[in-house]
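A look at the structure
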Amino acid sequence: AHQETAVALAAQQSSFVVTTGTGSGKSLCFFIPMVNAIIDAKRRDGRPRTRAIIIYPMNALANSQQEELAKYFSNLGPSCPVTFARYTGQEPQEERERIASSAPDILLTNFMMLELLMTRQEELDRRVVENCVGLEFLVLDELHTYRGRQGADVALLVRRVRERLRPERLICMGTSATMA
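Read on for a plain summary of the structure.

Conventions and cut-offs
- Residues numbered from 1 in each chain as written.
- Predicted model: local features only at pLDDT ≥ 70, side-chain atom pairs only at ≥ 80, totals over all residues.
- Heavy atoms only, no water.
- Helix = DSSP H or I, 4+ residues; strand = E, 2+ residues; numbered from the N terminus.
- Buried < 20%, exposed > 50% of the residue type's maximum accessible area, 1.4 Å probe, protein only.
- Polar contact = N/O pair within 3.5 Å; in protein donor to acceptor, adjacent residues only side chain to side chain.
- Contact = heavy atoms within 4.5 Å.
- Pairing = 2+ DSSP bridges.
- Expected span 1.5 Å × (residues − 1).

One can find Thr 119 in helix 5 (residues 111-119). The class for Thr 119 is partly exposed, based on a relative accessible area of 37%. In this structure the C-alpha to C-alpha distance between Thr 119 and Arg 160, which are 41 residues apart in sequence, comes to 9.1 Å. A distance of 2.8 Å separates a polar atom in the side chain of Thr 119 from the backbone oxygen of Glu 115.

The next subject is the side chain of Asn 131. Residue position: Asn 131 is located in the loop between helix 6 (123-130) and strand 5 (137-140). Residue Asn 131 is classed as buried on the basis of its relative accessible area, which comes to 16%. The contact partners of Asn 131, leaving out residues within four places of it in the chain, are Arg 49, Thr 50, Ile 99, Ala 100 and Ala 103.

Further remarks concern the pairing of strand 6 (residues 171-176). Among the six residues that make up strand 6, six are buried, leaving the element largely enclosed by the rest of the structure. The sheet contact formed by strand 1 (residues 16-19) and strand 6 spans four bridges and is parallel. By the bridge assignment, Val 17 is partnered in strand 6 with Gly 174.

Our focus in this paragraph is helix 2 (residues 26-44). Between the first and last C-alpha of helix 2 there are 29 Å, a value that for 19 residues agrees with the 27 Å anticipated at 1.5 Å per step. Among the residues making up helix 2, those that are buried are Lys 26, Cys 29, Phe 30, Phe 31, Pro 33, Met 34, Val 35, Ile 38 and Ala 41.

Written as structure tokens, this is what we have:
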């Protein structure tokens, strides 16, 4: 039921937070509408650009999700219409260059790396950020109740993303197994 509700909300261009137990399919709540929207948008405008950013609190979660996406999309064969990449600081220079020059549809990252992308002035970072202009989806996976400095940092990062990437209609989605 939570997946059906999430897909319906995303179809209405509404932001949402999904709170349900571990292993209940929270990721599908954002991946299904995101992939559907990306495929539709690429039919209208095939220009490569990053349409979705998914923020994970830890690199281990980004790594795990990257593996799951690779398995899921491998079923579609070499003509998979959706591209994705991890950009967490673990990638070698050549991978970061590839991401900057060939924008993935979905960018998997963490809070710190996204903050660095938004604030550093290196050419590579600027190219990655420029690929995200017009962002359509911002996902905070494993969302928690952020308080104090961490809460301020997350709030400022989301504001910075909105200001810098100038989304026309940004759908923000969050998932949590710990929030009520």
